[in-house]
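Structural characterization, general
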Amino acid sequence: MAMIHSAYAQRAQDAFGTVGTAMITPFSPNGAVDYDAVQVVANYLVQQGNDMLVVSGTTGESPTTTDEEKGQLLKVVRSAVGEHVKIVAGVGTNVTAHSIELAQQAQSAGADGLLVVTPYYSKPSQDSIRAHVEMIADSTELPVMLYDIPGRSGVPMETETLIRMGEHPRVLAVKDAKGDIAASMDVMTRSDLVYYSGEDALNLPLMSAGAIGLVSVVGHVAAKDLARMVDAVHNNDLMQARHVAENLVPIVDAVMNHMPGVVSVKAALELAGIIQYRGTRMPLLPATEEQVEFLRSKLGEFINP
């Protein structure tokens, strides 16, 4: 794979993998985390081609799970998939001390890396974002993947901030959901940060611009195809990569644009027989019967292989 910073790309790939899915957290009808279903989902995702699982990201409904549940989720996923799959723990909150506690817990529970989102709602300054990230990075020995998603967090990680954060020896990568590919290329050109697409609709454009992998929601139902696309880009076969990406356009639309991603993928996994209950925790409601039928009509072979 030809890259400007191939050594840094290899280091990030060794730390995080290339084909990642932000894994759901299955619940029982009584609202408790269903750890048996967690194991089933984790194994299914790995069998479908994921070499990275993000546990307790937003798609894992991290705002509504307890710290104890987050630690147990990591242990259960690690037990299920073994050591050959990278497990990245979502530890970002808008309280720095709490994020540090979650990072240290994640290291103890066996995580391979940390996903750190911009502190949300508080609208921190760029200096505050950098200080927040560096304090978390200093709290463990684990590599850090930044999560830049201003549409959810309210504040972007600006280019100069990203470059400065990338100087930290454990800040290796960015999960990019900013939607500004020119800015992402600027960071990749001017720093050693390695990029992962964090927005399924832009997976191929961002990989074509230099990202080495992705952290997907659609990977719950289409990881095999995403892995084929990633491999094609790594092999400099953009025609094949575009063919795969074009076939995924209606799938990405169905999963991401009509209801929250966690709601749609839980319903899709229920339709596929992977989980038995599509329940979510408030403030999210599970998919309605009408939404389930919409997904059944759109996902077709992806849920009935």
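Calculation criteria
- Residues numbered from 1 in each chain as written.
- Predicted model: local features only at pLDDT ≥ 70, side-chain atom pairs only at ≥ 80, totals over all residues.
- Heavy atoms only, no water.
- Helix = DSSP H or I, 4+ residues; strand = E, 2+ residues; numbered from the N terminus.
- Rg over C-alpha atoms; globule rule 2.2 N^0.38 Å.
- Buried < 20%, exposed > 50% of the residue type's maximum accessible area, 1.4 Å probe, protein only.
- Contact = heavy atoms within 4.5 Å.
- Lys, Arg positive; Asp, Glu negative; His and termini not counted.
- Charge placed at Lys NZ, Arg CZ, Asp CG, Glu CD.
- Expected span 1.5 Å × (residues − 1).
- Polar contact = N/O pair within 3.5 Å; in protein donor to acceptor, adjacent residues only side chain to side chain.
- UniProt positions renumbered as here; feature names shortened; annotations may be inferred.

Topic: the overall build of the protein chain
- When helices and strands are counted, the protein chain shows 13 helices and eight strands.
- The C-alpha radius of gyration computed for the protein chain amounts to 18 Å, which stays within 12% of the reference 19 Å derived for 305 residues, consistent with globular compactness.
- Along the longest, intermediate and shortest principal axes, the C-alpha atoms of the protein chain span 45 × 45 × 35 Å.
- Looking at the protein chain residue by residue over its 305 residues, the buried ones come to 57%.
- Within the protein chain, residue pairs in contact and separated by at least 24 positions form 69% of the contacts whose partners lie at least 6 positions apart.
- Both charge centroids of the protein chain, one from 21 positive and one from 35 negative side chains, sit 1 Å from each other.

Observations concerning helix H2 (residues 35-47)
- The terminal C-alpha atoms of H2 lie 18 Å apart, and with 13 residues this matches the ideal 18 Å at 1.5 Å per residue to within 8%.
- Considered for burial, the residues of H2 that qualify are Ala 37, Val 38, Val 41, Ala 42, Tyr 44, Leu 45 and Val 46.
- You can read the cap of H2 off the contacts: a side-chain oxygen lies 3.3 Å from the backbone nitrogen of Asp 36, and it is on Asp 34.

Remarks on the UniProt feature "binding site: pyruvate" (unreviewed entry) in the protein chain
- According to UniProt, the "binding site: pyruvate" (unreviewed entry) feature falls on Thr 59 and Val 215. Spanning 157 residues, the named residues nonetheless gather at one spot, since no C-alpha pair among them exceeds 11.0 Å.
- Along the chain, the position of Thr 59 falls in the loop between strand E2 (52-55) and helix H3 (67-81).
- Its relative accessible area of 12% is what places Thr 59 among the buried residues.
- When neighbours within four sequence positions are excluded, Thr 59 is seen to be in contact with Ala 22, Met 23, Ile 24, Thr 25, Val 217, His 220 and Val 262.
- Its location among the elements puts Val 215 in strand E8 (residues 213-216).
- Look past the residues within four positions of Val 215 in its chain and what remains in contact with it is Gly 20, Ala 22, Met 52, Val 54, Met 145, Lys 175, Tyr 196, Ser 197 and Gly 198.

What about the UniProt feature "site: Part of a proton relay during catalysis" (unreviewed entry) in the protein chain?
- Mapped onto this structure's residue numbering, the UniProt feature "site: Part of a proton relay during catalysis" (unreviewed entry) falls at Thr 58 and Tyr 121.
- Within the secondary structure, Thr 58 sits in the loop between E2 and H3.
- With respect to the secondary-structure elements, Tyr 121 resides in the loop between strand E4 (113-117) and helix H5 (126-138).
- The class for Tyr 121 is exposed, based on a relative accessible area of 75%.
- With residues up to four places along the chain from it excluded, the contact list for Tyr 121 reads Asn 94 and Ser 153.

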